[in-house]
Amino acid sequence: GENMLWGGRFTGGLDPLMVAYNESIHFDKHLFKQDILGSIAFARANQKGGILTADEFSKIEAGLREVMKEWEDGSFKIVPGVDEDIHTANERRLGEIIGKDVAGKLHTGRSRNEQVACDMRMWLRDELRKIDAHLVTFLQITTDRAEREVAHVMPGYTHLQRAQPIRWSHWVMSYGLAFATDLERLRETVRRVNRSPLGCGALAGNPFGIDRDMMARELGFEGLLWNSMGGVADRDFVAEELQWAAMLMQHVSRWAEDLIIYSTAEFGFVRLADAYSTGSSLMPQKKNPDSLELLRGKSGRVLGQMCGFMTTLKGLPSTYNKDLQESWEVMLDSVKTVSDSIQIATGVLATLEIKPEKMRAALDPFMLATDIADYLVRKGVPFRETHHISGRVVALSEQTGTPMNELTYDQLKSVDARFDKDIADYFDYERSVEMRSAKGGTSKACVLEQIAVMRQMLKSK
Ligand code: ARG
């Protein structure tokens, strides 16, 4: 008990399992840097407020930088059972280096409640900015591929059934734009994460008139949390990161699922690079899309973390409760999972080989049935009627065993007299995609326009 921060009041020792259950040092040690920078900013503000002398401040700052060096070179020794978390560990070590008399003044007016929120927000802000850069790289590859490969046409699916011809690049951009929207959300989230709780105290505020703006500026925050109770208790920034991650991974998962399907022998539209596939220990012919399966699989983990943490939060009384310590591990793990996943997806996409001839071979004349209906619409026939006529053409093709595009002119005429010779032009996949030329469609110009729109989104921070 004596070394513990609150040892003044507690005399009996903790149950050893409780010590282990309570400690967070094994994961919050990763935020040693943020914790130390936060302490330096706090001490500097306390010096400005006359709480610390200039000499005390420089001792504290030098000592803290020494502690930082120990973490960086790996010489910091965590004292099990004493160093409950990163805040206690750093202060314990500071006391050993500069003496307890001065070190004991660092925590004046401060609470671990504000420290932990400050550390986590700084860390998350920095990590989300790295993720922003990874996502931008992924999206640049997405747009480059889409531009380069815009000529290739393949089946588009609904219900996983062949529906209408689309450009391969239209598929690429359908996900690309979803990810670009995730990027927009990310940038908004970072702004809300990057607000300073420092100076909120345990819950009621700082009694020494500390300059919160000065600390916020030093630590790179873009604003303050304006209520001290909320400032220490708010973990919405973690929840928001998890929600964001769950949304992104939902997209990653579906993107991966499509590519898994497209990489089967039955489809064969794409071939995964060896760097992102594995073999089978038993079946020599196998090449498994493990990277894509892991992307799909890990989306479940991230979604679970989001649900789990929201559940942790929902019944808490205000303000700080130890339940909040549960925010760390999901934050650390989800950030790593998302960061790794985006980089893996980038590698997969950058090295993916496409098989345009397989895409083309999978096109089926029935996929032009809508175009046949649209042909008659242009002759003034109501669409509801043309839909039936086109359906009868499909039926005739099935009955006679003749591909729809090989039916004779007379056969078509027998279905409906309004078919003219120019119907032959409509049995053309390229023409079909080029007809979809309203904004957002699969014509070449429209796909190129989407690419331009997305490149613009990448630029606007
Ligand atoms: N390790 C704690 C956490 O991560 C730090 C805050 C402790 N505060 C307290 N009042 N016990 O949440």
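Worth saying up front: this structure is predicted, and the values here are computed from it rather than measured.

What counts and how
- Residues numbered from 1 in each chain as written.
- Predicted model: local features only at pLDDT ≥ 70, side-chain atom pairs only at ≥ 80, totals over all residues.
- Domains from an automatic or database assignment.
- Contact = placed C-beta atoms within 7 Å.
- Helix = DSSP H or I, 4+ residues; strand = E, 2+ residues; numbered from the N terminus.
- Near = placed C-beta within 6 Å.
- Nonpolar A, V, L, I, M, F, W, Y, C, P; charged D, E, K, R; others polar.
- Core = buried A, V, L, I, M, F, W, Y, C linked by C-beta atoms within 7 Å.
- Buried ≥ 20, exposed ≤ 12 C-beta atoms within 10 Å, placed from the backbone.
- Pairing = 2+ DSSP bridges.

Asker: Any chance you could explain the domain arrangement of the chain here in plain terms?
Answerer: The domains assigned to the chain are domain 1 (16-108), domain 2 (113-361) and domain 3 (365-443). Each of domain 2 and domain 3 has a C-alpha centre, and these two points are 43 Å apart. Counting from both sides, the interface comprises nine residues of domain 2 and, opposite them, seven residues of domain 3. When residues of the side of domain 2 that touches domain 3 are traced back to their parent elements, those giving at least two are strand S1 (153-158) and strand S2 (161-167).

Asker: Hey, could you run me through the site of the ligand in this one?
Answerer: Around the ligand sit Ser24, Asp28, Asp85, Arg112, Asn113, Val116, Tyr320, Lys322, Leu324, Gln325 and Trp328, and that is every residue in its neighbourhood. When residues of the shell around the ligand are assigned to their parent elements, the largest contribution, three residues, is made by helix H7 (residues 112-148). Looking at the shell around the ligand, its residues break down into four nonpolar, three polar and four charged. When we break the shell around the ligand down by domain, the ones giving at least three residues each are domain 1 (16-108) and domain 2 (113-361).

Asker: How should the nonpolar core be read in this particular structure?
Answerer: A general trend in soluble globular proteins is that nonpolar side chains are found buried together. Of all hydrophobic cores here, the largest spans 93 residues; its most connected members are Leu135 and Ala245. For this core, the domains that each give at least three residues are domain 1 (16-108) and domain 2 (113-361). Those residues in contact with Ala245, other than ones at most four positions away along the chain, are Val302, Ser334 and Val338.

Asker: Before we go on, may I ask you to explain the environment of Ala117 in this structure?
Answerer: Secondary-structure assignment places Ala117 in helix H7. Residues Ala117 and Leu198, 81 residues apart in the sequence, show an inter-C-alpha distance of 8.1 Å. Those residues in contact with Ala117, other than ones at most four positions away along the chain, are Pro197, Gly231 and Val232.

Asker: Sorry, what's going on with the pairing of S2 here?
Answerer: When a strand is regular, its side chains alternate between the sheet's two faces. Looking at chain direction, S1 and S2 are connected through six bridges and run antiparallel. Following the sheet pairing, Pro155 is matched in S2 by Pro165. Turn length for the S1-S2 hairpin, with the two strands adjacent in sequence and antiparallel, is two residues, and the turn residue His159 shows positive phi of about 55 degrees.

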